[in-house]
Amino acid sequence: MILRMPLGLSAALSAITLSAMAMPSIARAEDGHQLWLRYPPATGTPDRAVTITAADPLGRPQLKLAIAELKRGLAPQGVQGPFRLMTPADGSWPARYDHLGAEGFALSSRKVGDRIDTQIAAKTDLGLLYGVFHYLRLAHSGADLARLDVVSSPRIALRVLDHWDNLDGTVERGYAGASIWDWWRLPDWRDPIYTDYARANASVGINGAVLNNVNAKADSLTAPYIAKAAALADVFRPWGIKVYLSARWSAPIELGGLKTADPLDPAVAAWWRAKADEIYRAIPDFGGFLVKANSEGQPGPADYHRTHAQGANMLAAALKPHGGVVMWRAFVYAHDNPEDRAKQAYNDFKPLDGQFADNVLVQVKNGAIDFQPREPFHPLFGAMPRTNLMMEFQITKEYLGQSTHMTYLGPLFSEALQADTLAQGKGSTVARVVDGSLDGHRLTGIAGVANIGANRDWSGSIFNQADWYAFGRLAWNPDLSPESIAREWAAQTFSPAPKVVEAVTAIMIPSREVAVDYMTPLGLAHQMSVYGHYGPGPWVNTLARPEWNPVYYNRADAQGIGFDRTASGSKAIAQYSPAIAARLARPETTDDKDLLWFHHLPWTYRMKDGATLWDDLVRHYDRGVSGVENMQGQWQALKPAIDAERFEKTSVFLTIQRRDAQLWRDASIAYWQSLNHLPLPAGSAPPAHDLGWYKALTFPYAPGNP
Ligand code: BDP
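Residues numbered from 1 in each chain as written. Predicted model: local features only at pLDDT ≥ 70, side-chain atom pairs only at ≥ 80, totals over all residues. Heavy atoms only, no water.

In the annotation of an unreviewed UniProt entry, the protein is listed under the name Xylan alpha-1,2-glucuronidase and assigned to Novosphingobium sediminicola. Taken verbatim from the UniProt record of the protein, the Sequence similarities (unreviewed entry) comment is "Belongs to the glycosyl hydrolase 67 family." Quoted verbatim from the Catalytic activity (unreviewed entry) field of the UniProt record, the comment on the protein reads "Hydrolysis of (1->2)-alpha-D-(4-O-methyl)glucuronosyl links in the main chain of hardwood xylans." (UniProt positions renumbered as here; feature names shortened; annotations may be inferred.)

In structure tokens, the structure reads:
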């Protein structure tokens, strides 16, 4: 079937350059709702007719979507045809593409006279859809479309967003407004936003969504809520996205009236089997369960003296006949366990290696504590070769300034993925654990705690969208560079003009390090206030559980600061492979960025450059504040190139960030000085207030607080 589409573009817009930086002007008003899928008109392109050749899309919803998306993305661009979309079923399939997996695609193009012939090939219609999105990504980020030769398949099988959305419409650690799921009106009202959501995810290759909070209510597993989830699954299906549910461990008691949730009790297993059957009747391609068990007060198999493996395997057996999986979280630590919190997950899970069923993935946070601005990689990566380990990142910025601070997370994700576990010699990166290549696993996964809410711009700020985007791109290929991802995001989000792309990328790339500097430099962690983890609170020591208090992590006193995790301390370094442990055993051979994570050191300790630890620490805080000032200046220079709405919002957010950075610096320094009584290094300004002033600050009603 041949679809002919006259583009009929007037192509009247031509580039106008102005300003000292000669940025191209962008006049359209924008509110960020279009994300990176804005498809703005190209400038100066002549009218063209485009031809798309594809099999009859009748009965092939994904092919239909691929064609529609291609038209939608090409129309403003005035890109030349013809395009050919092909699968093996369509004939003349080139054997060289036989190795493409179910989701992979190949793009090729060549110039024929004054046209460009483009071919998008994939084994499945979903692969074609991904191929179309990739083509459009290239088209809208200024790539040369006349000589394409791209073959791409995802490295990780399950690329999932975890929504910490509650049934009452709130979002735990959500900073972008209410939940986008209108549970109340589902399943009848299928808000068009669900389609937009699925399309945005598909555009970056995300293929799964856990709909409800890991701190789950059993209600999600009742018939009315299964019907609601099924309605969402229907909307998502054509976009290649499966739904998953967080399962509350004690549901057999709460919903089934059983006396126990013991995983070895046959009645419990039977209840879950029946529940799985019921879900699959409504959602035939249901993905499976995500489980937070025996963690932060949630029930779990340990309540019955059973292991995590026994719990996970019982659920896995219920899902197995339907092809579902269990994503079992390793985020566990107990209030009555005096062991270093950073060690507890490893201690619990490492001995279980090899005991998990083949449809279980153990979901491990990138670091051993909790999504801090910087954490060394979690020692479980590389330590459980006989287990499917999946990565869990937090896209929502609970500990990184929440919605307002600009802290591009691409470098954080990539740092964790590229960390070398040395488990099987050099090159045993976390990425290779997660993509299964290191240990030969086929069931692989990566999850990101979503930063999506009902805000018009989805993520609470324009730049937070980049974190969602970067998660998807790295889930597809964990070896992509955060710089290249930032570039393609900036090109699609603002303008492909090289000056704009370079200037936006230059702000994004250092932004996470800037935040580390003003919040938790040199390996400090968890210094956030009690108000929803917003703002500084290094002095806090009043929370019920020791390991919820910042003082637990900084261990600061008159003599020194930092958490000793060496042989003289908690011995956590022994959880890493011997070569890494040997490096971490001494402060001199530990990276400065992780120094106080692993070592307790005197304030007068000499750093590699000869400065004292105290002076160096203060310099990091100073650098954090001046880093935000730089970002502000760089953003102002972009004014002529950015539409007023998005420019203004980002400017104001950077002002908030500047204020917060100062607060972080001053409050932290005031507290450390109250302990060490040391003078500030030359050139460093004293905090604006005394410590009491900072301690008296409150941030009530911080959003996202459970
Ligand atoms: C922490 C959050 C808490 C989550 C928990 C988790 O503060 O709200 O429930 O992680 O991941 O980061 O389960």
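Student: Can you walk me through the overall build of the protein in this structure?
Tutor: Counting its regular elements, the protein contains 19 helices and 18 strands. Referenced to the eigenvectors of the C-alpha coordinate spread, the extents of the protein come out at roughly 75 × 75 × 50 Å. A burial count over the protein gives 61% of its 706 residues as buried. Contacts spanning at least 24 positions in sequence make up 73% of the contacts within the protein whose residues lie at least 6 apart. When the 68 basic and 71 acidic side-chain charges of the protein are each reduced to a single mean position, those positions are 4 Å apart. (Helix = DSSP H or I, 4+ residues; strand = E, 2+ residues; numbered from the N terminus. Buried < 20%, exposed > 50% of the residue type's maximum accessible area, 1.4 Å probe, protein only. Contact = heavy atoms within 4.5 Å. Lys, Arg positive; Asp, Glu negative; His and termini not counted. Charge placed at Lys NZ, Arg CZ, Asp CG, Glu CD.)

Student: Any chance you could explain the site of the ligand here in plain terms?
Tutor: Not every one of the 14 residues close to the ligand is listed here, only the nearest: Glu-172, Lys-292, Arg-329, Asp-370 and Glu-398. In this structure, Arg-329 approaches the ligand through a side-chain N or O atom, which is 2.6 Å from an oxygen atom. Relative to its unbound accessible surface of 320 Å², the ligand loses 97% to contact with the protein. Considered class by class, the residues forming the shell around the ligand number 4 nonpolar, 2 polar and 8 charged. (Near = heavy atom within 4 Å. Polar contact = N/O pair within 3.5 Å; in protein donor to acceptor, adjacent residues only side chain to side chain. Areas by Shrake-Rupley, 256 points an atom, 1.4 Å probe, with all protein chains shown as cover. Nonpolar A, V, L, I, M, F, W, Y, C, P; charged D, E, K, R; others polar.)

Student: Help me out: how do you make sense of the environment of Asp-285 in this one?
Tutor: Examined against the element boundaries, Asp-285 turns out to sit in the loop between helix H6 (266–282) and strand E12 (288–291). Once the C-alpha coordinates of Asp-285 and Ser-437 are considered, the two residues, 152 residues apart in sequence, prove to be 26 Å apart.

Student: Would you mind going over helix H4 (residues 223–236) with me for this structure?
Tutor: A turn of α-helix holds 3.6 residues, and therefore any two residues three or four places apart point the same way. In this model H4 runs 20 Å from its N-terminal to its C-terminal C-alpha over 14 residues, within 8% of the 20 Å that 1.5 Å per residue would give. With 10 of 14 residues buried, H4 lies mostly within the body of the structure. All of the buried residues along H4 are Tyr-225, Ile-226, Lys-228, Ala-229, Ala-230, Ala-231, Leu-232, Ala-233, Val-235 and Phe-236. In this structure, the buried residues of H4 make contact with helix H3 (192–203), strand E10 (208–210), strand E11 (242–246) and H6. (Expected span 1.5 Å × (residues − 1).)

Student: What is the right way to look at the sheet that holds strand E16 (residues 445–449) in this model?
Tutor: Strand pairing in a sheet relies on backbone hydrogen bonds, with the paired strands running either antiparallel or parallel. Spatially, the 8 strands close up into a barrel ordered E9-E10-E11-E12-E13-E14-E15-E16, and their pairing is parallel. In this sheet, adjacent strand axes meet at a mean angle of 25° when their direction is disregarded. In this structure, strand E9 (residues 158–162) lies alongside E16, joined through 5 bridges in parallel fashion. Note that in E16 the partner of Leu-161 across the bridge is Gly-448. (Pairing = 2+ DSSP bridges. Axes fitted to C-alpha atoms, helices over the stretch in contact; angles between N-to-C directions.)

Student: I tried to follow the domain arrangement of the protein on my own but got confused; where do I start?
Tutor: Often, the extent of an interface is quoted as the loss of accessible area on bringing the components together. Entries for the protein in the domain assignment read domain 1 (2–152), domain 2 (158–478), domain 3 (516–561 + 600–695) and domain 4 (564–598). Inter-centroid distance (C-alpha atoms) of domain 3 to domain 4 is 24 Å. Each partner contributes residues to the interface: domain 3 has 11 residues there, and domain 4 has 12 residues. Summing the contributions of domain 3 and of domain 4, the shared interface buries around 1,100 Å²; its carbon and sulfur component is 60%. Among the ionic pairs, Lys-608 bridges to Asp-592, the shortest N-O distance being 2.8 Å. Counting across the domain 3 and domain 4 interface gives 5 residue pairs in polar contact (both at pLDDT 80 or more). For the side of domain 3 that touches domain 4, the per-class residue count stands at 8 nonpolar, 2 polar and 1 charged. (Domains from an automatic or database assignment. Buried area = accessible area lost by both parts, 1.4 Å probe. Salt bridge = Lys/Arg side-chain N within 4 Å of Asp/Glu carboxyl O.)

Student: Which parts of the structure should I look at to understand the UniProt feature "domain: Glycosyl hydrolase family 67 catalytic" (unreviewed entry) in the protein?
Tutor: UniProt feature "domain: Glycosyl hydrolase family 67 catalytic" (unreviewed entry): in the numbering of this structure it lies at residues 141–458. Between the end C-alpha atoms of residues 141–458 there is a gap of 22 Å, over a span that is 26% helix and 14% strand.

Student: How should I be thinking about the nonpolar core in this particular structure?
Tutor: In globular proteins that are soluble, nonpolar side chains generally tend to be buried together. Leu-85, Tyr-135, Phe-236, Trp-272 and Trp-489 are the most contacted members of the largest nonpolar core, which totals 187 residues. Contacts of Leu-85, omitting those with residues within four sequence positions, involve Ile-52, Thr-53, Ala-54, Leu-63, Ala-66, Ile-67, Leu-70, Asp-90, Ile-120, Leu-128 and Val-132. Core analysis: the next-biggest nonpolar cluster, separate from the first, contains 26 residues, Ala-556, Leu-595, Trp-603 and Trp-672 among them. (Core = buried A, V, L, I, M, F, W, Y, C linked by side-chain atoms within 4.5 Å.)

Student: Help me out: how do you make sense of the packing of H4 against H6 in this one?
Tutor: Helices that pack against each other are described as a pair by the angle of their axes relative to one another and the distance between those axes. Where H4 meets H6, the axes come as close as 9 Å, and the angle between the chain directions of the two elements is 40°. Classified by the angle their axes make, H4 and H6 are oblique. Along this stretch, H4 crosses H6, giving a crossing that reads as right-handed. Contacts between H4 and H6 involve Ala-223, Ile-226 and Ala-230 from the first element and Lys-275, Glu-278, Ile-279 and Ala-282 from the second. In the contact of H4 with H6, the residues fall into 5 nonpolar, no polar and 2 charged. (Parallel < 35°, antiparallel > 145°, perpendicular 65-115°, else oblique. Left-handed = near helix turned anticlockwise from the far one by under 90°.)

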